[in-house]
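# Coordinate inspection notes
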Amino acid sequence: TQEGLFRHFSAIAKAVDIPIIIYNIKGRTAVNVETQTLARLQKENSNIVAVKEASGDINQMQDVLNTLPKSFDVLSGDDNMTFPLMKLGGRGVISVASNIIPGEVKKLTEYCMAKDFSKAEELNNKLMPLFKGIFIETNPIPIKAALAMKGMIKEAYRLPMCEMQEENREKLKKILQELKVI
């Protein structure tokens with residue numbers, strides 16, 4: 001419940017004296033941290049300073065931006081939502097794609113912070129196939145496969161995760177080749 005979330009995150013906030021970022025990812029937890037719960041958490045816990053917003057709901061993200069203080073950072077939790085969220089006032093991304101294209105993700109956020117939305121949109125559109133491709137199967141399987149294709153890591157998984165299906169691996173490889181990542 002929302003009350004359960006409030007109590008849980010408040011207990012953590014009271015137990016530590018470091019800044020806390022709430023991670024809202026309904027797709028993995030089956031529970032959405034609603035805007036009013038987030039606002040209450042921030043108001044009552046000074047070390048709750050940001051949210052990694054991965055609800056996938058741009059309307060909720062806008063509501064969070066409009067409701068919480070400007071000092072509260074709203075960060076994208078989905079690479080494909082970074083541009084639209086930052087255009088609305090979000091402050092960045094906690095990125096999966098940056099594991100393989102850190103410079104490009106940095107440029108995207110820098111363009112947005114500078115309000116150069118034309119360049120940001122152009123780069124976002126270029127990167128969108130990768131943003132989608134790294135979620136073609138359950139994260140982190142595709143990003144690990146991509147990093148292995150680039151020679152950066154040895155591809156290894158712990159069950160219940162396993163290698164990508166060959167058809168999806170080929171799709172991801174093609175995206176990486178087209179972007180000249182590999």
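Refer to the preceding data block for the structure.
Predicted, not measured: the structure shown is a model, and the values here were computed from it. (Residues numbered from 1 in each chain as written. Predicted model: local features only at pLDDT ≥ 70, side-chain atom pairs only at ≥ 80, totals over all residues. Heavy atoms only, no water.)

## Overview of helix α7 (residues 117-133)
A rise of 1.5 Å per residue sets the reference length of α7, with its 17 residues, at 24 Å; its end C-alpha atoms lie 23 Å apart and thus fit the reference within 8%. Along α7, the sharpest kink reaches roughly 45 degrees, centred on L127 and followed within four residues by the proline P129. Within the span of α7, buried status applies to F117, A120, L123, N124, L127, M128, L130, F131 and G133. (Helix = DSSP H or I, 4+ residues; strand = E, 2+ residues; numbered from the N terminus. Expected span 1.5 Å × (residues − 1). Bend = angle between axes of the 7 residues up to and from the residue. Buried < 20%, exposed > 50% of the residue type's maximum accessible area, 1.4 Å probe, protein only.)

## Quick word on the packing of helix α6 (residues 102-113) against α7
Any two packed helices are characterised by how steeply their axes cross, that is the angle between the axes, and by the distance between the axes. It is the contact of α6 with α7, at a shortest axis distance of 9 Å, that shows an interaxial angle of 150 degrees. Read as a crossing pair, α6 and α7 show a hand that is left-handed. Along the contact surface, α6 presents E104, K107, L108, Y111 and C112, while α7 presents F117, K119, A120, L123, N124, L127 and F131. (Axes fitted to C-alpha atoms, helices over the stretch in contact; angles between N-to-C directions. Left-handed = near helix turned anticlockwise from the far one by under 90°. Contact = heavy atoms within 4.5 Å.)

## Looking at the packing of aromatic side chains
Evaluated as defined, the whole model comprises 1 aromatic pair. For the ring pair F83 and F117, a centre distance of 6.4 Å and an interplane angle of 65 degrees mean the geometry is edge-to-face. Of this pair, F83 sits in helix α5 (residues 82-88) while F117 sits in helix α7; the two residues are 34 residues apart in sequence, bridging distant segments of the chain. For F117, a relative accessible area of 19% corresponds to the buried category. Sitting above the plane of the F6 ring, R40 keeps its charged end 3.5 Å from the centroid. The aromatic ring of Y23 is capped on one face by K52, whose charged end is 4.1 Å from the ring centroid. (Phe/Tyr/Trp six-rings, centres within 6.5 Å; stacked < 30°, edge-to-face > 60°. Lys NZ or Arg CZ within 6 Å of the ring centre and 35° of its normal.)

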